[in-house]
Amino acid sequence: MSTQDNQATTAASNGQATRTTAGGAGDKPDIEQIQAEIEQTRQELGETVDALTAKLDVKSRARERLDDTKRRAASEINLTKKRAATQLTVTKQRAAGQLTVTKQRAAGLTASARSAATDDQGKPTPAVLGAAAAVVSAVVATTLLVWRRRR
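Residues numbered from 1 in each chain as written. Predicted model: local features only at pLDDT ≥ 70, side-chain atom pairs only at ≥ 80, totals over all residues. Heavy atoms only, no water.

(A) Summary view of the overall build of the protein. For the protein, the count of helices and strands is four helices and zero strands. Across the protein, helices and strands are ordered from the amino to the carboxyl terminus as α-α-α-α. Relative to its full complement of 151 residues, the protein shows a buried share of 3%. Counting every atom, the protein has about 13,600 Å² of accessible surface; 57% of that belongs to carbon and sulfur. (Helix = DSSP H or I, 4+ residues; strand = E, 2+ residues; numbered from the N terminus. Buried < 20%, exposed > 50% of the residue type's maximum accessible area, 1.4 Å probe, protein only. Areas by Shrake-Rupley, 256 points an atom, 1.4 Å probe, with all protein chains shown as cover.)

Here it is, written out as structure tokens:
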């Protein structure tokens, strides 16, 4: 063993803290290393203090949470608007289709009623004339009865 190792072993066994440097270059490498460790510790401590400060700042945290809630609500509103617009378009298309079908049915019923009420020349059939005469007679009779009662 070397002399330096013996001195370090003897000092360590006596409970004394010693520092030996490689090659006897002095304390500069150790001082630089210690200063770097101190700087790193300061930086970590600063980050820890910032994190604790952020956690303790209730007003800022509440504001951030409110802003987040607003963003999510706006997103949901936009999504709901898009869904409603899509559903409206689908409903309009269905209604237009139903309207077309209803118009076609009405045209068919009108044509069948017209053909049943008229002959080949387009003149009313005797049954239609009789029904029309009955309706006119009923209206005239009702009008006369009401007129006589008022007098």
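What follows picks up the thread again.
(B) Structural context of a nonpolar patch on the surface. On the surface, Val136, Val140, Leu144 and Trp147 cluster together into a nonpolar patch covering about 390 Å² of accessible area. With respect to the helices and strands, the residue Val140 is situated in helix α4 (residues 126–150). (Patch = residues over 30% accessible without salt bridge, like charges linked within 9 Å, V, L, I, M, F, W, Y side chains within 5 Å. Salt bridge = Lys/Arg side-chain N within 4 Å of Asp/Glu carboxyl O.)

(C) How the structure looks around the pattern of salt bridges. Per the stated rule, a full pass over the model turns up two salt bridges. Among the ionic pairs, Asp68 bridges to Arg71, the shortest N-O distance being 3.8 Å. Of this pair, Asp68 and Arg71 both sit in helix α3 (residues 58–117), three residues apart, which is roughly one turn of that helix. Owing to a relative accessible area of 31%, Asp68 belongs among the partly exposed residues under this scheme. Residue Arg71 is classed as exposed on the basis of its relative accessible area of 53%.

(D) Seen up close, the side chain of Thr125. Among the structural elements, Thr125 can be located in the loop between α3 and α4. Ignoring any residue separated from it by four or fewer positions in sequence, one finds Thr125 in contact with Ala116, Ala117, Thr118 and Asp119. (Contact = heavy atoms within 4.5 Å.)

(E) Geometry of the confidence of the model for the protein. For the protein, per-residue confidence averages 83 on the pLDDT scale, and 81% of positions sit at 70 or higher. The secondary-structure element of the protein with the lowest mean pLDDT is helix α1 (residues 3–13), recorded at 47, while α3 shows the highest, at 93. (pLDDT = per-residue confidence, 0-100.)

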